[in-house]
Amino acid sequence: MSEPAASSRPQAAARPGRREVKFAGATLAKVSADGRFEGYASLFGVVDLGRDRVAPGAFRDSLARKGARAVKLLWQHDPAHPLGVWEEIREDERGLRVRGRLDLAVAKAREVHALMRSGAIDGLSIGFRAERARKDATTGIRHLEKLDLWEISIVTFPMLPGARVSAVKRVAAPRAEAALAAAIRSAARRLAAGLHPAP
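Being a predicted model, the structure only gives us computed values, none of them experimental.

> Would you explain the pairing of strand β6 (residues 95–102) in this entry?
Successive side chains on a regular strand alternate, one facing one side of the sheet and the next facing the other. Burial runs high along β6: six of the eight residues are buried. Bridge analysis of strand β2 (residues 36–43) against β6 gives seven bridges, and the strand direction is antiparallel. Along β6, the bridge assignment pairs serine 42 with leucine 96. Here strand β5 (residues 78–91) runs beside β6; their pairing, made up of seven bridges, is antiparallel. Residue pairing across strands places isoleucine 89 opposite valine 98, the latter belonging to β6. What sits between β5 and β6 in their antiparallel hairpin is a turn of three residues.

Structural data, given as structure tokens:
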């Protein structure tokens, strides 16, 4: 779908009602033995590999309307695999700060907990509907200004890879950097398309 020439004019999402996913690159922190953990599910002002940038305040109305408990805590955006509950979701100056608790009576939650504790999994990703977004015709960056937050998942692959691949980027040649970025973009697109096909 082509975008309007005026890049500064806000516009509704191109496909109202379509669920989207967005991956955060900030790692989880403080994963406790009882299943509690915290981290950032979205970072403000950072352009991800899908050329999207979330604006501060994008979640404000949705959170005021729903509260943390209405937002589902899932594994890899799969509604068949709820893992626990979100105890707190709030915006701060950096992004969407979350605190959740895995239900360790659930087998999948115990597996995920073990992987989180070992450091094998540390990504978070949001599932949302874009209520207000605009695309900059010059840069191609989509600015997400108002989002209806449906769920936050623990995931394997982030779309904001900086927090995880910065050590690789420092030692890699430019061609290797480009190949790595392309591979991550491709994996993220396949994951999103497979779990959330467009209507």
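And the narrative resumes.
> Help me out: how do you make sense of the side chain of arginine 97 in this one?
With respect to the helices and strands, arginine 97 occurs in strand β6. In terms of polar contacts, arginine 97 uses its side chain to reach the side chain of glutamate 38, at 2.4 Å. What arginine 97 contacts, discounting residues up to four positions off in sequence, is Glu38, Gly39, Tyr40, Glu88, Ile89, Arg90 and Asp92.

> Help me understand the packing of aromatic side chains, please; the structure alone is not making it clear to me.
Given two aromatic rings, one states the distance between the centres and the angle between the planes to describe the pair. Tallied over the full model, the rule gives two aromatic pairs. Ring plane angle 70 degrees and centroid distance 5.5 Å describe the contact between phenylalanine 37 and tryptophan 86, whose orientation is recorded as edge-to-face. Pair noted here: phenylalanine 37 is in strand β2 and tryptophan 86 is in strand β5, with a separation of 49 residues, a long-range link. Accessibility assignment for this pair places phenylalanine 37 and tryptophan 86 in one class, buried. Here the basic side chain of arginine 94 rests over the ring of tyrosine 40, its NZ or CZ set 4.7 Å away from the ring centre.

> Would you mind going over helix α2 (residues 107–118) with me for this structure?
Given 3.6 residues to a turn, an α-helix orients residues that are three or four positions apart in the same direction. For α2, which comprises twelve residues, the first-to-last C-alpha distance of 17 Å matches the rise-based estimate of 16 Å (1.5 Å per residue) to within 8%. All of the buried residues along α2 are Ala109, Val112, His113 and Met116. One side of α2 carries all its buried residues, which in axial view fall inside an arc of 105 degrees. Buried positions along α2 lie against β2, β4 (72–75), β5, β6 and β8 (142–155).

> Explain the environment of leucine 144 here, please?
Within the element layout of this structure, leucine 144 appears in strand β8. Taking the relative accessible area as the measure of exposure, leucine 144 reaches 0% and is therefore buried. Here the alpha-carbon distance between leucine 144 and alanine 130, two residues 14 residues apart in the chain, equals 7.0 Å.

> Explain the side chain of histidine 77 here, please?
Along the chain, histidine 77 falls in the loop between β4 and β5. In this structure histidine 77 comes out as buried when scored by relative accessible area, which is 2%. Within the local environment of histidine 77, its side chain forms a polar contact with the side chain of glutamate 151, the two groups lying 2.5 Å apart.

> Whenever I open this one, the pattern of salt bridges confuses me. Can you help?
Once the charged atoms of two side chains with opposite charge are near each other, the side chains can pair. According to the stated counting rule, one finds 18 salt bridges in the structure shown. For arginine 36, the salt bridge goes to glutamate 87, with nearest N and O atoms at 3.3 Å. Of this pair, arginine 36 sits in strand β2 while glutamate 87 sits in strand β5, and the two are 51 residues apart along the sequence. Arginine 36 sits in the partly exposed class, given a relative accessible area of 33%. By relative accessible area, glutamate 87 is classed as partly exposed at 23%. Salt bridges linked by common partners bring Asp34, Arg36, Glu87, Glu88, Arg90, Arg99 and Arg101 together as one network.

About the thresholds
Residues numbered from 1 in each chain as written. Predicted model: local features only at pLDDT ≥ 70, side-chain atom pairs only at ≥ 80, totals over all residues. Heavy atoms only, no water. Buried < 20%, exposed > 50% of the residue type's maximum accessible area, 1.4 Å probe, protein only. Helix = DSSP H or I, 4+ residues; strand = E, 2+ residues; numbered from the N terminus. Pairing = 2+ DSSP bridges. Polar contact = N/O pair within 3.5 Å; in protein donor to acceptor, adjacent residues only side chain to side chain. Contact = heavy atoms within 4.5 Å. Phe/Tyr/Trp six-rings, centres within 6.5 Å; stacked < 30°, edge-to-face > 60°. Lys NZ or Arg CZ within 6 Å of the ring centre and 35° of its normal. Expected span 1.5 Å × (residues − 1). Arc of directions from axis to C-beta. Salt bridge = Lys/Arg side-chain N within 4 Å of Asp/Glu carboxyl O.

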